[in-house]
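One-letter residues, chain by chain:
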Amino acid sequence: MHILFIYPDILRYQGWRGVYYHGVGYLSAVLKKAGHTTTLMHVTAPMEKSFFVEKYMAENPDLVAFSSTTNQFLYAREWMKWIKKISKETLIICGGIHTTLNPEESIATDSLDIICRGEGEQPLLELTECIANGKSFDHIQNLWVKKINGEITENPLRPILNDLDKLPFADREIFDFPGLCLSDGGAVFMASRGCPFPCAYCCNHALTKIYQASMKEYVRFRSVDHIIEEIKQTLKKYTFIKNIHFDDDILPLKRDWFREFTHKYAEQIKVPFSCNLRANLTNEEEGRQLKDAGCYRVQLGIESGNERIMNDVLKRGLSREQIIRAFNLCKKAGLYTKAYNMIGLPQENMDCVLDTIELNAKCKPDVVQLSIFYPYRGTSLYDLCKEKGLLTQSEASDYLVESVLNLEDLTQDELRFTDQFFNYLVWTFQFIQKTPSPISNFLRTIFRSFIKNNMVQKCIMTTYSFFLPMLRRLFSNS
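Values in this document were obtained by computation on a predicted structure and should not be read as measured data.

Rules used throughout
As a convention, each chain's residues are numbered from 1 in the sequence order in which they are written. In keeping with the model being predicted, local features are shown solely for residues with a pLDDT of at least 70 and side-chain atom pairs are shown and tallied solely at 80 or more, while totals for entire chains, interfaces and linings include all residues. Computation of side-chain values covers all heavy atoms of the structure but excludes hydrogens and water. Under this scheme, a helix contributes an axis fitted over its contacting stretch, all axes are lines through C-alpha atoms, and angles between N-to-C directions fall in the 0 to 180 degree range. A helix here means a DSSP run of H or I that spans at least four residues, while a strand means a run of E at least two residues long, and both kinds are numbered starting from the N terminus. Comment on the angle field: the value is read as roughly parallel under 35 degrees, roughly antiparallel over 145, roughly perpendicular from 65 to 115, and oblique elsewhere. For any helix crossing, the convention is left-handed if the near helix is rotated counterclockwise from the far helix by under a right angle, and right-handed if that rotation is clockwise. We call two residues contacting when some pair of their heavy atoms lies within 4.5 Å. For this scheme, ten residues count as nonpolar: Ala, Val, Leu, Ile, Met, Phe, Trp, Tyr, Cys and Pro. Four count as charged, namely Asp, Glu, Lys and Arg, and the remainder, Gly too, count as polar. When DSSP finds two or more bridges between two strands, those strands count as paired. Only protein atoms enter the 1 Å grid used here. Points where a 1.4 Å probe fits but cannot escape make up a cavity, open sets with protein on both sides within 12 Å along at least five of seven lines make up a pocket, and a residue lines them when an atom lies within 4 Å of a point. Grid points are joined across faces, edges and corners, and a volume is the space filled by probe spheres set on the points. Two rings from Phe, Tyr or Trp (for Trp, the six-membered ring) form a pair when their centres sit within 6.5 Å of each other. Planes less than 30 degrees apart are called stacked, planes more than 60 degrees apart edge-to-face, and all others tilted. In this scheme, a residue with accessible area under 20% of its type's maximum is buried, one over 50% is exposed, and one in between is partly exposed, where area comes from a 1.4 Å probe on protein chains only. Here, over-ring charges are defined by two tests on the NZ atom of lysine or the CZ atom of arginine: distance to the ring centre within 6 Å, and angle to the ring normal within 35 degrees.

J.: For this particular structure, what's the right way to read the packing of helix α15 (residues 350–363) against helix α17 (residues 412–433)?
T.: To describe two helices that pack against each other, one gives the angle between their axes and the distance between the axes. Viewed as axis vectors pointing N to C, α15 and α17 meet at an angle of 45°, and their least axial separation amounts to 8 Å. The angle between α15 and α17 falls in the class oblique. Crossing of α15 over α17 shows right-handed handedness. Together, M350, V353, L354, T356, I357, E358, N360, A361 and K362 of α15 and E414, F417, T418, F422, L425, V426, F429, Q430 and Q433 of α17 make up the contact between the two elements. Tallied by class, residues from the contact of α15 with α17 come to ten nonpolar, five polar and three charged.

J.: Can you help me understand the sheet that holds strand β12 (residues 273–277) in this one?
T.: Adjacent strands of a sheet pair through backbone hydrogen bonds, lying either parallel or antiparallel. In spatial order, the strands read β8-β11-β12-β13-β14-β15; together these six strands make up an open sheet with parallel pairing. The open sheet has two free edges, formed respectively by β8 (186–189) and β15 (367–372), since each of these has just one partner strand. For this sheet the average axis-to-axis angle between neighbouring strands, irrespective of direction, equals 20°.

J.: I tried to follow empty space enclosed by the protein on my own but got confused; where do I start?
T.: Vacant regions in the atomic arrangement are exposed by a probe of water-molecule size rolled over the atoms. Taken as a whole and assessed by the stated rule, the structure comprises two cavities of 30 Å³ or more. Quantified by volume, the largest cavity comes out at close to 40 Å³. Broken down by class, the residue content of the lining of the largest cavity amounts to three nonpolar, three polar and one charged. The volume enclosed by the second largest cavity comes to roughly 30 Å³. R255, R259, N283, E285, E286 and Q289 are the residues that line the second largest cavity. Ranked by the residues each element gives to the lining of the second largest cavity, the list is headed by helix α12 (residues 284–293), at three residues. Residues belonging to the lining of the second largest cavity are distributed by class as follows: no nonpolar, two polar and four charged.

J.: Please clarify how the packing of aromatic side chains should be interpreted in this entry.
T.: All chains considered together, the criterion is met by 23 aromatic pairs. For the pair F246 and F261, a centre-to-centre distance of 5.3 Å together with 90° between the ring planes defines the contact as edge-to-face. Taken as a pair, F246 in strand β11 (residues 243–246) and F261 in helix α11 (residues 255–268) lie far apart in primary sequence, 15 residues in all. You'll find F246 and F261 in the same group, each marked buried. Within the aromatic cluster, the residues linked to one another by ring pairs are F221, F246, W257, F261, Y265 and F273. Seen from the ring of F197, R278 lies directly overhead, with NZ or CZ sitting 3.8 Å from the centre.

Next up, the structure:
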C-alpha cells in the first residue's frame, strides 16, 4: 500500500520552510515497518490548485492521510475537495489535534471519509491492513467512519499507549529533514508525551478528559536508553546536526528520569541542546544538571504578566515572583533564555498587556516570542470564550498574526500595535527599571499612561510604516 501524508504547515513568515513534525514521523515509521510505502506533501506556503493537483497525481496513492492542527484545517478542507474531484474513490483520513478535539465538525467535512481521534499509530496501521486485504474497517477503535449513506460509525477510543519504547524511531526521511533543521543546524526530538498541568488554553487537560485517563497515566516518558539510542542513530545519519532541541512540554518533569538522562547525555551525546521548563519546577540543581549536560538554552512560558489573567483565566498556578526567580536561576546557571507570551486573551485589557511587557522586562529573556491567543475547541478557555460571546466566525491560519475573538476590552488596533512593538516596549521598561526607585516609579506611570493612548499608538504605527520602506531601501543598497 502507498500512503500519501499531507501536512499543511503554513505561516506568514518570509522564507518559512516549516518544521519537522513527530506525529507524521511516527505514523510513517509504523507503516514502513509493516512493509508499506509512505510519502509526504509538506505544504509550507499557499498552493495553487493546478500545482497541488499535479503533485498529487504524480503520487497516485492508495490512501491519503492528512494531519492537521485547528489553524491549518481550513487548508486541509480545501485540498480534500480538490482530491475528491480528481478521484472520488480515494479514501481520505484526517488525524491530529483538530479531529481529536473537534470530531463532529471534522467528520462533517464533505470530502473527508474517516477521522482519527487520539494517538494514530495503531489505528492507521489497522486501517491500512484492512484496505490492503479488502476487509471492513468500520470497527477500528479511534476511527470515526462515514458510510456511503452518510451515517457515521463512531468507534470508541482505545487505551493510550503506555510503553512508548514499543514504537519505532520516528521517520525523518519522509520530510526534507536537512532543509527543516534550524538555521544553526539543529534537530528536534521528543522524549515524552503529555503534560500534567491544567493550563486552560492548552490541549493537554482536554485530552485527559477524552482519554478518561489520570494525569499520571497520560504523561509518559520513553526510557532514557531508548531516546539516547535514537539520538545516536540520527547524529550518525545526519552529520550536519550541530545542536538538538527537545520539544517535550517539560523535559525535567520526572526528577529521577532527568537525572539519569542528563548523566547519559553528557557521557554519550555531548551535543548542545535546548528544552522547555516550567517556572515553579525550576531550581538550582536542575540548572546545574542542564548546564553540565550541555544545555545552552531553556524556554519558559510567561504567557501573561497579570496575575489575575495568569491564574483566574489561564489556570497557570504561578506567581510573578516564581517566574522572575526561574529566569534568574537559569541565567545564574549560564543558560540562554527564551520567553513565550500571549496577548488577545479573554478579560484582558491594555493594562494587562503592559503587565506582561513589564514582567518580560524584569525577567530579561534573551529572546521573546509573542503569540496571539487562539481558542481551541475542547479546552476550558474555549468554553469561557463561548460563554462570554467572544467567538466569531473567523478562522486564523496563523496564531502569530491575528485574533479570531471579539474582545471586550482590547481592540484589534491595540493587538496589532503590541504585536509590532512588543520588544521595543520591553526594552523601554528595562531602561526605566534601571533608574533610581522614585524616578523609575514616576517614569513607569507616565509611560504606561502615554503608551495606552490610542492616538499615540496610531502615531507610532504611522511613523513606523512611513520610515520602514526607506530604511529597508537604505540597508539593501548599503
